[in-house]
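So you can see what is in the structure, the chains are spelled out below.
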Amino acid sequence: MVRMKDPAVRSLLIDRAAQMLAARQPVTLRSLVAGTGVSTMAVYTYFDGMDGLWTAMRQEGFTRLAARLATITPSEDPVRDLAALGAAYLSNALAVPDLYRVMFDAGFELENPAAADDTLHYLVRGVERASAAGRFRAGVDPLELATQAWMIGHGLASLVATGPLPPEALAHGVPLLTALFVSAGDAPDRCRRSVELGWRP
C-alpha cells in the first residue's frame, strides 16, 4: 500500500529551510530535520533530496507571490491597480525575504517553469486594462511595459528586503512608476494620484 504524502510535512520543511537561511544557519540534511519530528528520509520522500528541496523552495516562492497578487481586486482605476500589484510584490518579498532570494536562484529549475511567467502576466493584464481605458497610448507593448514595472519593483525589493536600503526607500516607487506610466501616455497629475493610491507596500 502506497502511503499518501502529507502536504503539511512538505510545507514544514520548506519553511524550516527558509528560517535557517534567515538565521544564516547552514542548511544540511540533518540540520534541516533537527527538532522537526521528521526523519532525514522525509527530504527524499518529498523532494528527492536537497536539490529537490531548493527547487521546491523556488516554486513555493512563486506560488506565494501569485497568491498575494491575486488578492488585488481590480478597481475602476487600472493605473492604481498596476501600482497596487507592485506594492503586493514588495509586500510579499518583505514578508519572506529569504524565500524571495531563493526564488531567483537560477541554479535550480522550477517544478513548473510557467510559474514565473504567470506572475508577470498579472502585470501584463493590468497594462492591457489601462490601455483599454485610454490611460496609455495606442501601441504600448503590454509585455514590455509590464517587464519594466516588474524591474522597478524587483530592484526596490532586492535593495530593501535583502539588501542595504532602509524601508523608507520604498517611497521611490511612486516617482519611478509615475515616470514609467507617463512615458506610456498617462497624464502626469492623474498618474501620480493613481500611483500614490495603489503604492502601499
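In what follows, the accompanying structure is described. These numbers come from a predicted model, not from an experiment.

1. Some points on the overall build of the chain
When helices and strands are tallied, the chain shows 10 helices and 0 strands. Element order for the chain, N to C, with α for helix and β for strand: α-α-α-α-α-α-α-α-α-α. In terms of overall dimensions, the chain has a C-alpha envelope of 60 × 40 × 25 Å along the principal axes. Long-range contacts, defined as pairs at least 24 residues apart, comprise 68% of the intrachain contacts of the chain with a sequence gap of at least 6. Accessible surface, the chain: about 10500 Å² in total, of which carbon and sulfur atoms supply 57%. Where the 19 positive side-chain charges of the chain centre and where its 21 negative ones centre are 5 Å apart.

2. What to know about the packing of helix α4 (residues 50-69) against helix α7 (residues 114-132)
Viewed as axis vectors pointing N to C, α4 and α7 meet at an angle of 20°, and their least axial separation amounts to 9 Å. Put simply, α4 runs roughly parallel to α7. Crossing of α4 over α7 shows left-handed handedness. Of α7, the residues touching α4 (which contributes Q59, F62, L65, A66 and L69) are A115, A116, T119 and Y122. Per-class residue counts for the contact of α4 with α7 are 7 nonpolar, 2 polar and no charged.

3. Considerations on the pattern of salt bridges
This model, assessed by the stated rule, comprises 9 salt bridges. With a shortest N-O distance of 3.0 Å, D77 and R135 are connected by a salt bridge. Taken together, the residues span a long stretch of sequence, with D77 in the loop between α4 and α5 (78-95) and R135 in the loop between α7 and α8 (142-161) at a distance of 58 residues. The salt bridge involving R192 is made with E196; its shortest N-O contact spans 3.0 Å. With R192 and E196 both in helix α10 (residues 188-198) and 4 residues apart, this pair spans about one turn of that helix. We classify R192 as partly exposed; its relative accessible area is 36%.

4. Description of the side chain of T119
Tracing the chain through its elements places T119 in helix α7. Judged by relative accessible area, T119 falls into the buried class, the value being 1%. Residue contacts for T119: discarding those within four places in its chain leaves F62, L65, A66, L69 and W150.

5. Some details on the packing of aromatic side chains
Tallying each qualifying case throughout the model produces 5 aromatic pairs. Pairing F62 with F104 gives two aromatic rings, centres 5.7 Å apart and planes at 75°, and the pair type is edge-to-face. Here F62, found in helix α4, pairs with F104, found in the loop between α6 (97-103) and α7; they are 42 residues apart in sequence, far enough to count as distant. Using a relative accessible area of 3% as the deciding quantity, one classes F62 as buried. According to the relative accessible area criterion, F104 is partly exposed, its value standing at 33%. An aromatic cluster is built from F62, Y89, Y100, F104 and W150, whose rings are joined through pairwise contacts. The ring of Y122 has R125 sitting right over it, with the charged end atom 5.0 Å from the ring centre.

What counts as what
- Residues numbered from 1 in each chain as written.
- Predicted model: local features only at pLDDT ≥ 70, side-chain atom pairs only at ≥ 80, totals over all residues.
- Heavy atoms only, no water.
- Helix = DSSP H or I, 4+ residues; strand = E, 2+ residues; numbered from the N terminus.
- Contact = heavy atoms within 4.5 Å.
- Areas by Shrake-Rupley, 256 points an atom, 1.4 Å probe, with all protein chains shown as cover.
- Lys, Arg positive; Asp, Glu negative; His and termini not counted.
- Charge placed at Lys NZ, Arg CZ, Asp CG, Glu CD.
- Axes fitted to C-alpha atoms, helices over the stretch in contact; angles between N-to-C directions.
- Parallel < 35°, antiparallel > 145°, perpendicular 65-115°, else oblique.
- Left-handed = near helix turned anticlockwise from the far one by under 90°.
- Nonpolar A, V, L, I, M, F, W, Y, C, P; charged D, E, K, R; others polar.
- Salt bridge = Lys/Arg side-chain N within 4 Å of Asp/Glu carboxyl O.
- Buried < 20%, exposed > 50% of the residue type's maximum accessible area, 1.4 Å probe, protein only.
- Phe/Tyr/Trp six-rings, centres within 6.5 Å; stacked < 30°, edge-to-face > 60°.
- Lys NZ or Arg CZ within 6 Å of the ring centre and 35° of its normal.

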